[in-house]
Structure formats: C-alpha cells, structure tokens
Amino acid sequence: MSKEYELYKKNNDLCAKYQYAAYVISFDVNTVCPKKNKEYAYENMNYFEGEIYKIKTSDEYYNCLKYLLDNNDELNEVEMIAIQKEYKDLTKQRKLPQDKFFEMMEITTKTSLSWEKARETLDFNEFESHLDTLVKYYNDYIQIMKDKYDGYNVLLDEMEDDFTINKYDEFFNLLEVELLPVVKKILKMDKKYNQKIKEVSFDIDKQKKLTNYIAQIMGYTNDVGYIGETIHPFTNSNNINDVRTTTAYDEYNFIGNLYSVMHELGHALYELQNDVRFNNTVLFGGTSCAIHESQSRFYENYLGRSKEFIEFIYPKLIEIFPDELKEFTVDDIYYYVNDVTAQPIRIDADELTYPFHVLIRYKIEKMLFNNEIQAKDICDLFNKLMNDYLGIIPENKKMGGFQDVHWTSGFGYFPTYALGSAMSAQFLNAMEKDFNPFEDLKVGNFVRINEWLKEHVHKYGRSVKNLDVVKLATNEDFNAKYYIEYLKNKFTKLYNL
C-alpha cells in the first residue's frame, strides 16, 4: 500500500469524524439548541468545518489525489470515481483563499442569528445590515471564482451544473407564457371546498401522530432517521444510516405539516437509497439541488396531492381528527390541498402558483448581483413583484421578502426549486411507462414507487451529473413541457376550465 493511499485514507477518516461532529451540531442548532447557546454552537460547528477545509484544500492532500489518479492500481471502482470528482471539485475550491472561506463562515453565522432574532421582533434592520455584508462577500467571491462563468452565473452554476441566467430566463419565460394566464383565471374563481376548515384548530400532538404515520407508510424509520421541529423545515444527512429531517407545526394548518413531512422525506429517501458503496465518500448524497428538489416535490405534490392519495389518507385523517374533520368530506380535503390561492408564504403555496414564488426570488437575486438593488430594497421589490404576479402584498417582512432562511447563507438556490418541480413531471412520465403509481397510492403503498426511484435516480448519488440522471431515468433530455402539461391538465380538470 503506497504512502499516498495511506494518507488519503487517514485524512478522509479524520474529515469524516469532523464532518459528523459538524453535522450533529448543525441539526441541533436548528432544532433544540437553547437560544443563548446558539452562537457558541455555531462556533463549534464552524471549527470542525474549518478543519475539514484546511485538510481538503492543503497542497499535501491535493497532490495526494493527483498521485492516486496517475497511479490508480490500488483503487477500486468507487474510490476512483470519488477521487476523480474530489480532485475536480478541489481544483475549483482551492481558488478561494482560506481567509475568505472563514470570513464567509463568520458572516453567515451572524446573518443566521440575526434572522432568527428579527423573526421574533419584526425588526429586520440588523438582519438587513448583515445581509448587505453577505451580498458584498459574494460579489468578491464571484470575482475570485469566475472562470467558465462570471457574475451571478457563478453562483447559479455552483447550485446547478451549467444552469445559467440564459437557461433560467428561458425556463421561467416559458412558465409565464403558459401558466400565468391559468393562474390569473383560477384566482378569480370561487373555492370548491368548505372554507371553514381554515378556522379549525388541529391539536399539535394529534398532528404528530399523522407525522409518524406518513413516515411509516413512506418507509422512513427511526432506525435511520429522526423527525425534529424547526422554523423552516430541512433535511440533513451524514451517511446512509443517519438522515435526519424536520417539520413545522401550525394548529390552524395541518396540511402544512402533512406536506412538509412528505417533502422532507422525499429528500431523505433520496439519500437513504444511495448505492451503499457510496457511504462515507464524496459520492454520497444528492447530485444537485434541482434533482434533490425533484424528489421532495415529487412525493409532496405529484403523489401527496393526488386524488388517489387523498382518498386513501382520508379515513386516517378522520381517525386522528374525528371532531375537527367531522363536517368535511373527502372532496373538501382534496380541493383544499389543491386550492389555488394568492398567499405570500412560499412553502405553503399550491403547485400552480409555486413557480412564481420562486421566480420572484430569482428576479431579486439577479438584480442584487447586477447592482440594480441593495439588501435594503429587497422587501419593497418583493412586495411589488408579489402584487404583479399574485395580486397581494405581504403584511410584513416576516411574511414577505425575509420569510425564507436561504438568504442567510448564500444565493442561487431558489431557482432550483422550480427546476426540480419540472424534473419531477418528467420522472413521473417515465415511471408511468413501467407501472401506475396512483394505483399503488389507492392503498397507501410506496414500495414500488421507492424502488423505481432508487433504481432510476437515487442509487447514483453524486456519481452522475444532474442532467445525466434525467437522461438515464427518462431516456431523453430535460424538457419542461412535461411540467407545463401536468399543471395544465391537473388544474384545468380541477377547476373545469
């Protein structure tokens, strides 16, 4: 065994231990960590992540990878793929000076803490100041990292390989032309369900029973995961035996929790169903933000809001909430969970208006990094765009431009939500050529669905690039027409257009 291989294994094992420590702290700080200890928790998390960065970007480690690429006799197939990927990623990552990396960690910590504080006080002045610093940092970052792309495209490409302003503009323009007229028409129509359901209080302990039931039927167990509570639901993973997720509860919106759970478990199942050989390597996880979001949105919307699933879950809902739902029919629930409405909260948005919530944030990011606006202008612009697209103005910044956690740490993620939603439709079309998943949903059976996604999407982990996964799973290149056809067909039928 060469000294380079021994060094490679030693450093990877050490980084894995540091990564696990940072992972546990990260989950804790966003769920159960006491408020007064959060800053200290972030310091510890940043320490471990900093040590990983130092090791991985060192000349010693980088040269070790280069040697193993040139002398690969002792590498197995997975190690070879992993080293090729890591060498390529580090070639780019090493362009960023260490002091800039640690500056970013300090800025995002302060921005995250100020965002949480502002949500309680509704005073966002301090947060806006930190956000302005974060934007300035990423403008510097863009100048350092620009190569194949420059400007905002640097950040977009990092989140989603080879997706740039031109591609996203083409994508969103198509959605505007094809879907916005349908949105405008439906928003003027009467509701098709008993709206008293919005006034009903749903006990949180009962909602937790629903959470556990959804996890059970979807195949997510405490053996490999845990469902916590947080402000903004997320999923974190460390290895194939530890993928943790979260939800948020609102006593007047039980479907918020229902679909938060299904969404986050979509993320979790993706990583739990990676090829086991990728465990504890750089190949473990999701290949891109959009592919990850395609899986969460697939379970949440394409399956979870289907007529078949609602008819299946309705008796369970009545069992858990007998008094709360006694005057509501299965059709009330079906039309309620598919209600097209102009409301400000992105994570609670219906399928049809959702891409426009994303488009608004994408437009704001483009303007931020084109120096057309500053952080202090975000909420006014957000309100204007919400009014332009959906005809509403959020009542405050917490409900408006600063509702999302993502702008506390970086930029370029938002458009992947809409892109992932579109990829979901293409995956569904391919799945239906093999079997009818909605027949399985009539009895709450996710087994074949999970198995199909494992075989065609999940097993690849990070070993295959985003658009290559789409091509492998569907036998064609990415095409947004499936998303547009799905939404038009579904909501034309729902609203008798």
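Residues numbered from 1 in each chain as written. Predicted model: local features only at pLDDT ≥ 70, side-chain atom pairs only at ≥ 80, totals over all residues. Heavy atoms only, no water.

Would you mind going over the layout of surface pockets with me for this structure?
The method is simple in principle: a probe with the dimensions of a water molecule rolls over the atoms, and the space it marks as empty is what remains. Taken as a whole, the second largest pocket holds about 580 Å³ of empty space. Listed by contribution, the elements that provide at least two residues to the lining of the second largest pocket are α11 (289–303), α12 (307–320), α13 (330–337), α16 (414–434) and α20 (481–494). Here the lining of the second largest pocket takes 7 residues from α20, the largest share from any one element. (1 Å grid on protein atoms, 1.4 Å probe; cavity = no way out; pocket = protein on both sides within 12 Å on 5 of 7 lines; lining within 4 Å. Points joined across faces, edges and corners; volume = space filled by probe spheres on them. Helix = DSSP H or I, 4+ residues; strand = E, 2+ residues; numbered from the N terminus.)

Explanation requested: the pattern of salt bridges in the structure shown.
By the definition in use, this model includes 38 salt bridges. With a closest N to O distance of 3.3 Å, Lys54 and Glu51 form a salt bridge. Of this pair, Lys54 and Glu51 both sit in helix α2 (residues 38–56), 3 residues apart, roughly one helical turn. The exposure class assigned to Lys54 is partly exposed, which follows from its relative accessible area of 36%. A salt bridge links Asp162 to Lys465, with the nearest nitrogen and oxygen atoms 3.9 Å apart. (Salt bridge = Lys/Arg side-chain N within 4 Å of Asp/Glu carboxyl O. Buried < 20%, exposed > 50% of the residue type's maximum accessible area, 1.4 Å probe, protein only.)

What should I look at first to understand α13 in this one?
Residues lying three or four places apart along an α-helix face the same way, a consequence of the helix completing one turn every 3.6 residues. The element α13 is largely enclosed, with a buried count of 6 among its 8 residues. When α13 is considered as a whole, its buried residues turn out to be Asp332, Ile333, Tyr334, Tyr335, Tyr336 and Val337. At its buried positions, α13 is contacted by α10 (254–272), α12 and α20. (Contact = heavy atoms within 4.5 Å.)

Got a minute to help me understand the packing of helix α1 (residues 3–29) against α2 in this structure?
In a packed pair of helices, the relevant descriptors are the angle between the two axes and the axis-to-axis distance. Packing of α1 against α2 leaves a shortest axis separation of 9 Å and a crossing angle of 160°. By the angle class used here, α1 and α2 are roughly antiparallel. The chirality of how α1 crosses α2 is left-handed. Contacts between α1 and α2 involve Asn11, Asn12, Leu14, Cys15, Tyr18, Gln19, Ala21, Ala22, Ile25, Ser26 and Val29 from the first element and Lys38, Ala41, Tyr42, Asn44, Met45, Phe48, Glu49, Glu51, Ile52, Ile55 and Lys56 from the second. Here the contact of α1 with α2 is built from residues that sort into 13 nonpolar, 5 polar and 4 charged. (Axes fitted to C-alpha atoms, helices over the stretch in contact; angles between N-to-C directions. Parallel < 35°, antiparallel > 145°, perpendicular 65-115°, else oblique. Left-handed = near helix turned anticlockwise from the far one by under 90°. Nonpolar A, V, L, I, M, F, W, Y, C, P; charged D, E, K, R; others polar.)

Looking at this structure, how should I read a negative patch on the surface?
A cluster of acidic residues, Asp203, Asp205, Asp250, Glu251 and Asp348, forms a negative patch at the surface. Judged by relative accessible area, Glu251 falls into the partly exposed class, the value being 37%. (Patch = residues over 30% accessible without salt bridge, like charges linked within 9 Å, V, L, I, M, F, W, Y side chains within 5 Å. Areas by Shrake-Rupley, 256 points an atom, 1.4 Å probe, with all protein chains shown as cover. Lys, Arg positive; Asp, Glu negative; His and termini not counted. Charge placed at Lys NZ, Arg CZ, Asp CG, Glu CD.)

Help me understand the side chain of Arg346 in this model?
By the element assignment, Arg346 lies in the loop between α13 and α14 (354–368). Accessibility expressed as a relative area gives 2% for Arg346, which makes it buried. Not counting residues up to four positions away in its chain, the partners in contact with Arg346 are His232, Tyr354, His357, Arg361, Gln403, Asp404, His406, Phe414 and Tyr417.

Is there a simple way to think about empty space enclosed by the protein in this case?
Applying the stated criterion across every chain yields a total of 2 cavities of 30 Å³ or more. Approximately 40 Å³ is the volume attributed to the largest cavity. Considering the residues around the largest cavity, the lining is formed by Arg297, Asn301, Tyr302, Glu351, Ser421, Tyr483 and Leu487. Secondary-structure elements contributing two or more residues to the lining of the largest cavity are α11 and α20. Tallying contributions element by element places α11 first for the lining of the largest cavity, with 3 residues. Its residues assigned to classes, the lining of the largest cavity comprises 3 nonpolar, 2 polar and 2 charged. In this structure, the second largest cavity encloses a volume near 30 Å³.

What is the right way to look at the packing of helix α5 (residues 98–121) against helix α6 (residues 125–145) in this model?
Interhelical geometry of α5 versus α6 gives an angle of 155° and a closest axis separation of 9 Å. Here α5 is positioned roughly antiparallel relative to α6, judged by the angle of their axes. In this structure, α5 crosses over α6, and the sense of that crossing is left-handed. Where α5 approaches α6, its residues Lys100, Phe101, Glu103, Met104, Ile107, Thr108, Lys110, Thr111, Ser114, Trp115, Lys117 and Ala118 are matched on the opposing element by Glu126, Phe127, His130, Leu131, Thr133, Leu134, Tyr137, Tyr138, Asp140 and Ile144. Class assignment for the residues of the contact of α5 with α6 results in 11 nonpolar, 5 polar and 6 charged.

Any chance you could explain the nonpolar core here in plain terms?
Nonpolar side chains tend toward joint burial in soluble globular proteins. If you look at the biggest cluster of nonpolar residues, it comprises 135 residues, and the most contacted ones within it are Ile214, Phe254, Ile364, Phe411, Phe446 and Ile449. Dropping the residues within four chain positions of it, Ile449 is found in contact with Phe298, Tyr299, Leu303, Met431, Phe435, Pro437 and Leu441. In terms of nonpolar packing, the next biggest core, distinct from the first, is built from 17 residues, Tyr62, Leu65, Leu75 and Leu283 among them. (Core = buried A, V, L, I, M, F, W, Y, C linked by side-chain atoms within 4.5 Å.)

Can you help me understand the sheet that holds strand β3 (residues 242–247) in this one?
Either a parallel or an antiparallel arrangement is found when strands of a sheet pair, and the pairing is made through backbone hydrogen bonds. Taken in spatial order, the 3 strands make up an open sheet running β1-β3-β2, and their pairing is mixed. In the strand order of this sheet, the two ends are held by β1 (227–229) and β2 (235–239), each with one partner. Each strand of the sheet is rotated relative to its neighbour by a mean of 25°, with strand direction disregarded. Direction of pairing for β1 relative to β3: parallel, over a ladder of 3 bridges. Its bridge partner lying in β3, Ile227 is registered against Thr245. (Pairing = 2+ DSSP bridges.)

Is there a simple way to think about the packing of aromatic side chains in this case?
Two aromatic rings are characterised by how far apart their centres lie and by the angle between their planes. The full count for this structure, using the stated rule, is 43 aromatic pairs. Measuring from ring centre to ring centre gives 6.4 Å for Tyr5 and Tyr8, while their planes differ by 40°; the resulting arrangement is tilted. Note that Tyr5 and Tyr8 are positioned in helix α1 at a spacing of 3 residues, about one turn of the helix. A residue is classified by how much of its surface remains accessible, and Tyr5, at 10% relative accessible area, is buried. On the basis of relative accessibility, which here comes to 7%, the residue Tyr8 falls in the buried class. Look at Phe27 and Tyr226: their rings are 6.0 Å apart centre to centre, the planes differ by 70°, and that puts the pair in the edge-to-face class. Here Phe27 is found in helix α1, whereas its partner Tyr226 is found in the loop between α9 (204–218) and β1, with 199 residues between them in sequence. A connected cluster of aromatic rings, assembled from ring pairs, spans Tyr137, Tyr138, Tyr141, Tyr152, Phe163, Tyr168, Phe171, Phe172, Tyr362, Phe369, Phe411 and Phe478. The ring of Phe163 carries the charged tip of Lys167 above its face, separated from the ring centre by 5.3 Å. (Phe/Tyr/Trp six-rings, centres within 6.5 Å; stacked < 30°, edge-to-face > 60°. Lys NZ or Arg CZ within 6 Å of the ring centre and 35° of its normal.)

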